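# Notes for the structure review
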Amino acid sequence: MESHLAVLLPITAVWLAAGLVADGLPRLDHAGVLRQRAGWLLALTLAGLASTAAVLVAGLMSPGRTPIDRAAGTLDAVALAALVVAACTVRRVHRLRAGAGAFATAPGTPAPHGLRAAAAHPLIALPLQVTTLLTVPALVAASGNDRLAAPDVTGPAITVGALAVLAVGIRHALRHNRLAERARQPQPPSARAARPLHV
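All chains use their own residue numbering, which begins from 1 and follows the written sequence. Restriction of local features to residues with pLDDT of at least 70 applies here, the model being predicted, together with a cutoff of 80 or more for giving and counting side-chain atom pairs; totals for whole chains, interfaces and linings are based on all residues. Here the side-chain values reflect all heavy atoms present in the structure, with hydrogen atoms and water set aside.

### Structural notes on the overall build of the chain
Selection criterion: In DSSP terms, a helix is any run of H or I states spanning at least four residues, a strand is any run of E spanning at least two, and both are numbered starting from the N terminus. Burial classification: accessible surface area is computed with a 1.4 Å probe over protein chains only, and a residue below 20% of its type maximum counts as buried, one above 50% as exposed, and the rest as partly exposed. A contact between two residues is defined here by any heavy atoms of the two lying within 4.5 Å. All accessibility values rest on the Shrake-Rupley procedure with a 1.4 Å probe; residue burial counts only the protein chains present in the view.
Helix and strand content of the chain: eight helices and zero strands. Put simply, the chain runs from its N terminus to its C terminus through helices and strands in the order α-α-α-α-α-α-α-α. In the chain, which comprises 199 residues, the proportion classed as buried is 36%. Considering only intrachain contacts with a sequence separation of at least 6, the fraction spanning at least 24 residues in the chain is 80%. When the accessible surface of the chain is summed, it comes to about 11100 Å², and 68% of that surface belongs to carbon and sulfur atoms.

Shown next as structure tokens:
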């Protein structure tokens, strides 16, 4: 195994885990579980940001062609996606965790559709999954396979990647809209009557 591949694999694993946890958040129907998974997602996201930044900073400070320097040189696109994650995703996940905590006062409390719609917002899962996708070329280059650098492969690979991002973004947007529509639907009289009064 190439030495800089060993540096990139943990970063990819963290971003992949964050993307998978984010994708499963809207399917959770209990507020307590949603709060717990949002906490996991926040920790994974911060770990991904910290590890990516650490490799980039270490690459800038290292002399010559060390493994860290070579790994940092392949993370340019990942760094841009990570900036989007830091600007958009972290705040939303933090608010989602706080909102789920407000509902999780008792075990088994259902997660309302509005909370699940917030969990399905495209700016939570999509930036994480795009960041994971952008680590693939870095891994391929680090493994010594320069096939993606060939002119007859680079164009189709970029096209397939862009189509994959578009498809994932549309999927997240549709799921978010579906849950948001459910949250806006009026509750039946029985559900309103069962709601405790706050004085």
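### Describing helix H6 (residues 122-142)
To be explicit about the condition: Each helix should span, by expectation, one fewer than its residue count multiplied by 1.5 Å.
Its 21 residues place the ends of H6 30 Å apart at the C-alpha level, agreeing with the 30 Å of an ideal helix rising 1.5 Å per residue. Restricting attention to buried positions, one finds in H6 the residues Pro-122, Ile-124, Ala-125, Pro-127, Leu-128, Thr-131, Thr-132, Thr-135, Ala-138, Leu-139 and Ala-142.

### Side note on the side chain of Thr-52
Mapped onto the secondary structure, Thr-52 falls in helix H2 (residues 31-61). A relative accessible area of 2% places Thr-52 in the buried class.

### A few points about the nonpolar core
We count it as follows: The nonpolar core is taken to be a set of buried Ala, Val, Leu, Ile, Met, Phe, Trp, Tyr and Cys residues, with the residues joined through side-chain atoms within 4.5 Å.
Counting 35 residues, the largest nonpolar core has Trp-15, Leu-34, Leu-41 and Leu-96 as the members making the most contacts within it. Looking at this core, the elements that each hand over two or more residues are helix H1 (3-24), H2, helix H3 (67-73), helix H4 (76-103), helix H5 (113-119) and H6. Non-local contacts of Trp-15, meaning those with residues more than four positions away in its chain, are made with Thr-45, Gly-48, Leu-49, Thr-52, Val-78, Ala-82, Val-85, Leu-128, Thr-131, Thr-132 and Thr-135.

### Thoughts on the packing of H1 against H6
Stated formally: Note on definitions: angles span 0 to 180 degrees between N-to-C directions of axes, and those axes are lines fitted to C-alpha atoms, for helices only across the stretch in contact. Note on terminology: angles under 35 degrees are roughly parallel, angles over 145 are roughly antiparallel, angles of 65 to 115 are roughly perpendicular, and the others are oblique. Rotating anticlockwise by less than a right angle from the far helix to the near helix defines a left-handed crossing, while the corresponding clockwise rotation defines a right-handed one. Just so you know the grouping, Ala, Val, Leu, Ile, Met, Phe, Trp, Tyr, Cys and Pro go in nonpolar, Asp, Glu, Lys and Arg go in charged, and all remaining residues, Gly too, go in polar.
Close contact between H1 and H6 brings their axes to 8 Å; oriented N to C, the two are set at 155°. What the angle tells us is that H1 and H6 run roughly antiparallel. Where H1 crosses over H6, the handedness of that crossing is left-handed. Of the residues in H6, those in contact with His-4, Leu-5, Leu-8, Leu-9, Thr-12, Trp-15, Leu-16, Ala-18, Gly-19, Ala-22 and Asp-23 of H1 are Ile-124, Ala-125, Leu-128, Gln-129, Thr-131, Thr-132, Thr-135, Ala-138, Leu-139 and Ala-142. Split by residue class, the contact of H1 with H6 holds 13 nonpolar, seven polar and one charged.

### Things to note about the UniProt feature "transmembrane region" (unreviewed entry) in the chain
To keep things clear, this is the line we draw: UniProt positions are given in the numbering used here, feature names are shortened, and annotations may be inferred rather than shown by experiment.
Within this numbering scheme, the UniProt entry marks residues 38-60, 123-142 and 154-174 as carrying the feature "transmembrane region" (unreviewed entry). Annotated as 100% helix and 0% strand, the span residues 123-142 places its first and last C-alpha atoms 29 Å apart. Helix makes up 100% of residues 154-174 and strand 0%, and the two end C-alpha atoms of the span are 30 Å apart.

### Section: a nonpolar patch on the surface
Rules: Patch membership requires more than 30% relative accessible area and the absence of a salt bridge. Residues of like charge join within 9 Å; the nonpolar side chains Val, Leu, Ile, Met, Phe, Trp and Tyr join within 5 Å. One speaks of a salt bridge when a side-chain nitrogen belonging to Lys or Arg is within 4 Å of a carboxyl oxygen belonging to Asp or Glu.
Taken together, the side chains of Leu-163, Leu-166, Ile-170 and Leu-174 present a nonpolar region at the surface, about 400 Å² in accessible area. Looking at the element boundaries, Leu-166 is found in helix H7 (residues 151-184).

### A word on the environment of Thr-132
Rules: Each polar contact in these results corresponds to two N or O atoms within 3.5 Å; when the atoms are within protein, one needs to be able to donate a hydrogen and the other to accept it, and residues that are neighboring in sequence are counted only if both atoms are side-chain atoms.
As for its position among the elements, Thr-132 is in helix H6. Put simply, Thr-132 and Ala-13 are 119 residues apart on the chain and 8.5 Å apart in space, counted from C-alpha to C-alpha. Each residue touching Thr-132, except ones within four places of it in the same chain, is listed here: Trp-15 and Leu-16. Within the structure, Thr-132 has its side chain in polar contact with the backbone oxygen of Leu-128 (distance 3.0 Å).

### Notes on the packing of H4 against H6
Two measures define how a pair of helices packs: the angle their axes make with one another and the distance between the axes. Contact geometry for H4 and H6: axes closest at 8 Å, N-to-C directions at 155°. As the angle between them shows, H4 and H6 are arranged roughly antiparallel. Judged by the twist between their axes, the crossing of H4 over H6 is left-handed. Of the residues in H6, those in contact with Ala-77, Val-78, Ala-81, Ala-82, Val-84, Val-85, Cys-88, Thr-89, Arg-92, Val-93 and Leu-96 of H4 are Leu-123, Ile-124, Pro-127, Leu-128, Thr-131, Leu-134 and Thr-135.

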